Amino acid sequence: MNSWTQMIVTQLRRDLKLAARLGGGGLLAVAFFVVLVTLVPFGVGPEPALLSKLSIGIIWVGVVLSTLLSLDRLFQADYEDGSLDLMFLSPLSLGVLVLAKCAAYWITTALPLVLVAPLLGVLLNLPAENYGLLVLSLLVGTPALSLVGAVGAALTVGLRRGSLLLSLLVLPLCVPTLIFGAAAAEGHMSNFYLLGAVSLVLVVVGPIASAAALKLNLG
Amino acid sequence: MAQTGEPLMAERCPPLFKLSGEGLTCLRGGRVVLQDLSFEAIAGRPLVVTGPNGAGKSTLLRLVAGLVSYQAGTLLFAGADGAPVSDESNGYLMHYLGHQDAVKPALTVVENLTYWQRLYGARVSVGEALGQLGITFLADVPGQFLSAGQKRRVNLARLLVSHRPLWVLDEPTASLDQEGAEIVRGLIQRHSAEGGLTLVTTHLDLGLEAQDSLKIARLSDVPLEGGA
Amino acid sequence: MFDLANPKKFMDFSARLLPWISGAAVILLAIGLYLALFVAPPDYQQGESVRIMYVHVPAATLSMGVYAFMALASALALIMKHPLADMAAKAAAPIGAGFTFLALVTGSLWGKPMWGAWWAWDARLTSELVLLFLYFGYMAIWQAMEDPIKAARAAAVVALVGVVNLPVIKFSVNWWNTLHQPASLLRFEGPAIHPSMLWPLLVMFAAYGLFFAAVLILRMRMEILLRRARSLQLSQARARAS
């Protein structure tokens with residue numbers, strides 16, 4: 001028996017089921033993303049050439065902000081109703097729990113953002129050759145955002161005004177992902193490797209740091 | 001008793017005979033919550049922890065569960081030979097039942113319990129556990145429609161769907177009616193008869209036969225200036 | 001060294017050490033500033049404005065160094081549970097943030113004559129700005145948690161995650177800079193540095209380092225005294241209550 005994968009699947013299924021029943025989370029992030037991106041032309045003006053030049057940057061920044069928007073709830077509900085205590089006491093290791101939760105979060109929140117991004121590209125006059133690259137860069141980069149965010153969410157779980165603190169802690173750490181992601185979408189191919197490397201490193205570092213933070217917040 | 005397809009997790013649970021604490025001291029938010037506390041609980045004899053509000057009963061239980069760290073003293077989980085159980089059994093030692101019932105509002109009672117069973121390993125079926133708690137009729141009701149007492153019963157059913165040698169129960173009868181409290185008493189008795197260990201806080205007299213008791217006195221609860 | 005982990009020993013030792021370190025810091029700072037402002041030659045390209053370098057470069061270096069120190073202290077605090085390691089990390093943060101801020105301000109002042117603007121998205125300045133945010137996050141987590149023991153551990157996690165990310169951030173910002181800006185932009189570091197400029201710079205480095213050590217010790221002593229005062233208040237309150 002591979003209990004490790006079994007537990008990930010169990011946890012993932014539960015979180016997906018909860019997300020599906022509660023609704024909201026992912027859709028809200030998408031709505032926020034759309035509104036945020038449509039606000040930019042009001043600030044910089046409607047010139048197609050300018051918007052085209054800015055489009056990738058705007059979409060990437062929008063994705064970073066929208067991903068973080070609901071991250072403060074990642075562990076909050078389980079913390080408040082005592083589930084986190086019981087997960088801690090189960091054979092499931094906290095690092096695995098974090099991985100499973102991040103996966104569920106990515107599927108329910110980040111993936112819809114990635115799917116909406118090309119539509120927003122149309123609004124911003126995104127050059128035709130960049131659509132595929134943009135979606136691909138978002139697919140490779142958003143796991144990193146979720147994993148970094150999980151560390152912040154684990155640190156701030158149970159804190160009043162945790163979401164503001166979360167942004168302060170996490171946004172600076174998103175800088176590399178943003179840089180490599182946006183550059184990859186521009187067509188600088190080597191950035192895909194860098195972006196992938198960041199995501200892979202965070203698959204290891206993120207759960208370890210999040211588990212440590214969760215453990216101390218249970219006490 | 002194991003469900004088909006699920007490996008019997010009970011095999012991985014260590015045989016636990018004795019749980020003892022010595023000189024446990026716990027500081028939280030710059031305040032001394034427990035000071036130099038010693039106790040011993042033996043399989044088959046539930047240890048009932050009593051004491052006034054704020055004496056640190058819940059903290060003691062969370063400390064045993066590893067949910068609160070302690071600054072001094074030792075905590076020992078030992079088998080029949082007196083040797084401490086191995087670290088591998090982490091995650092297979094205990095059921096903890098705290099103030100919150102960990103019932104997800106969006107999931108039905110069966111879904112809630114099935115999740116915990118998958119995580120902790122199967123012992124009796126969810127349906128049978130519900131029957132023992134007298135809540136079979138709630139099986140397909142979402143958690144959000146349950147009363148406090150019903151939620152508590154669902155949480156108690158969790159103790160049955162998976163096996164653990166140690167039960168750490170914080171006020172298990174809270175918000176339960178008379179009948180519910182009777183069921184709790186029966187569960188603890190049966191767990192003890194099967195050689196299980198129980199650590200329970202309660203302000204009700206559970207009328208358990210063959211119980212040990214531990215009284216915690218309240219430490220002077222003067223809060224620290226600037227402390228939590 | 002491990003004996004110093006005992007707060008009482010640390011108090012005795014640091015009380016004797018502090019005047020010497022502070023004195024040395026003040027003297028070296030005076031010498032360094034004199035050398036930098038009056039003795040060192042002006043740059044053939046940048047003129048007198050090069051003198052900002054003597055304030056800027058040590059601040060920028062120390063801003064990174066202090067973060068590394070903080071992360072090291074945090075690791076010690078997490079792994080070995082040194083009572084003083086937490087205090088050292090906590091005490092270092094505002095000093096590090098101060099250096100970072102100084103590096104940003106002096107960088108901006110230096111940039112004005114060089115770039116004709118107060119701010120340019122130069123790779124080094126941008127890294128410093130992100131570093132400042134990391135310091136803010138670290139200090140904010142100390143503020144946000146009420147339980148000092150919990151806060152210490154959470155802050156340690158923040159510091160360690162930050163220090164793992166710092167090289168990646170630096171690299172990515174450099175990368176970003178070369179992607180978006182032509183390489184013709186004037187860089188801070190010139191070619192080889194002339195000895196007449198090196199000496200004042202080295203003295204300034206030493207002065208900054210000693211200044212950090214002195215303020216660190218001062219802040220740690222303050223923290224220990226505060227904790228002592230608190231536990232005294234507690235025992236008095238207890239005595240009155242019983």
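Description of the structure in this document.

Basis of the calculations
- Residues numbered from 1 in each chain as written.
- Chains lettered and ligands numbered in written order.
- Predicted model: local features only at pLDDT ≥ 70, side-chain atom pairs only at ≥ 80, totals over all residues.
- Heavy atoms only, no water.
- Pairing = 2+ DSSP bridges.
- Helix = DSSP H or I, 4+ residues; strand = E, 2+ residues; numbered from the N terminus.
- Axes fitted to C-alpha atoms, helices over the stretch in contact; angles between N-to-C directions.
- Contact = heavy atoms within 4.5 Å.
- Buried area = accessible area lost by both parts, 1.4 Å probe.
- Salt bridge = Lys/Arg side-chain N within 4 Å of Asp/Glu carboxyl O.
- Polar contact = N/O pair within 3.5 Å; in protein donor to acceptor, adjacent residues only side chain to side chain.
- Left-handed = near helix turned anticlockwise from the far one by under 90°.
- Parallel < 35°, antiparallel > 145°, perpendicular 65-115°, else oblique.
- Buried < 20%, exposed > 50% of the residue type's maximum accessible area, 1.4 Å probe, protein only.
- Patch = residues over 30% accessible without salt bridge, like charges linked within 9 Å, V, L, I, M, F, W, Y side chains within 5 Å.
- Areas by Shrake-Rupley, 256 points an atom, 1.4 Å probe, with all protein chains shown as cover.
- Phe/Tyr/Trp six-rings, centres within 6.5 Å; stacked < 30°, edge-to-face > 60°.

1. A short note on the sheet that holds strand β4 (residues 72-78) of chain B
All names here are of chain B. Pairing is antiparallel in the open sheet, where three strands are placed in the order β2-β1-β4. At either margin of the open sheet sits one strand with a lone partner, and together these are β2 (31-42) and β4. Averaged over all adjacent pairs, the angle separating strand axes in this sheet is 15 degrees, with direction ignored. One ladder, built from eight bridges, connects strand β1 (residues 18-28) with β2; its direction is antiparallel. Residue pairing across strands places Leu 24 opposite Leu 37, the latter belonging to β2. Each of β1, β2 and β4 is contacted by helix α1 (residues 57-65), which is oriented at about 65 degrees to β2, the strand it contacts most.

2. Observations concerning the interface of chain A and chain B
Each side of the interface is counted separately: chain A has 26 residues, and chain B has 29 residues. Buried area between chain A and chain B, both sides added, is near 2,500 Å², and the carbon and sulfur share of it is 61%. Sorting the residues of chain A by area buried against chain B places A:Leu86, A:Leu89 and A:Pro91 first, and these three jointly supply 26% of that buried surface. Note that A:Asp78 and B:Lys104 form a salt bridge whose closest N and O atoms lie 2.7 Å from each other. On inspection of chain A and its partner chain B, the count reaches eleven residue pairs in polar contact (both at pLDDT 80 or more). Elements represented by at least two residues in the side of chain A that touches chain B include exactly α1 (3-22), α4 (76-80) and α5 (83-89) of chain A. Looking at the side of chain A that touches chain B element by element, the count peaks at nine residues for α1(A).

3. Regarding the sheet that holds strand β7 (residues 197-201) of chain B
All names here are of chain B. A sheet is described by the order of its strands in space; here five strands give the open sequence β5-β6-β7-β3-β8, paired in parallel fashion. Either end of the sheet is taken by a strand with one partner, and the two such strands are β5 (94-97) and β8 (212-215). Taken over all neighbouring pairs, the strand axes of this sheet differ in orientation by 15 degrees on average, direction set aside. Its contacts with the sheet put α1 on β3 (47-50), β5, β6 (166-170), β7 and β8, and the angle it makes with β6 is roughly 150 degrees.

4. Topic: the packing of helix α6 (residues 94-123) of chain A against helix α10 (residues 190-218) of chain A
Residues and elements named next belong to chain A. For the pair α6 and α10, the least separation of the axes is 8 Å and the interaxial angle reads 115 degrees. Classified by chirality, the crossing of α10 by α6 is right-handed. Contact residues: Leu 94, Gly 95, Leu 97, Val 98 and Leu 99 in α6; Val 203, Pro 207, Ser 210, Ala 211, Leu 214 and Lys 215 in α10.

5. Observations concerning the packing of helix α2 (residues 25-44) of chain A against α6(A)
All names here are of chain A. Two elements in contact, α2 and α6, have axes whose closest approach is 9 Å; the angle formed by their N-to-C orientations is 25 degrees. Judged on the interaxial angle alone, α6 and α2 are roughly parallel. Judged by the twist between their axes, the crossing of α2 over α6 is right-handed. Touching Gly 26, Ala 29, Val 30, Phe 33, Val 34, Val 37 and Thr 38 of α2 are Thr 108, Thr 109, Pro 112, Leu 113, Val 116, Ala 117, Leu 120 and Leu 123, all from α6.

6. A few points about the environment of B:Leu130
Note that B:Leu130 resides in helix α3 (residues 126-132). Residue contacts for B:Leu130: discarding those within four places in its chain leaves B:Val109, B:Val110, B:Leu113, B:Ile135, B:Thr136, B:Ala139 and B:Ala157.

7. Remarks on the pattern of salt bridges
Pairing between side chains of opposite charge can happen when their charged atoms approach one another. All chains considered together, the criterion is met by 19 salt bridges over all chains. The shortest N-O distance in the salt bridge between A:Asp78 and A:Arg14 comes to 3.1 Å. With A:Asp78 in helix α4 and A:Arg14 in helix α1, this pair connects stretches of sequence that are 64 residues apart. Judged by relative accessible area, which is 3%, A:Asp78 ranks as buried. With a relative accessible area of 5%, A:Arg14 lands in the buried category. Members of the salt-bridge network, linked through shared partners, are A:Arg14, A:Asp15, A:Asp78, A:Asp81, A:Lys101 and B:Lys104.

8. As for a nonpolar patch on the surface
On the surface, C:Leu29, C:Leu33, C:Tyr34, C:Leu37, C:Phe38 and C:Val39 cluster together to form a nonpolar patch covering roughly 570 Å² of accessible area. By the element assignment, C:Leu33 lies in helix α1 (residues 7-39).

9. A short note on the packing of aromatic side chains
Enumeration over the complete set of coordinates arrives at eleven aromatic pairs over all chains. A ring pair is formed by A:Phe180 and C:Phe171, whose centres lie 6.1 Å apart and whose planes are at 50 degrees; its orientation type is tilted. With A:Phe180 in helix α9 (residues 175-186) and C:Phe171 in helix α5 (residues 148-180), this pair bridges two chains. Owing to a relative accessible area of 1%, A:Phe180 belongs among the buried residues under this scheme.

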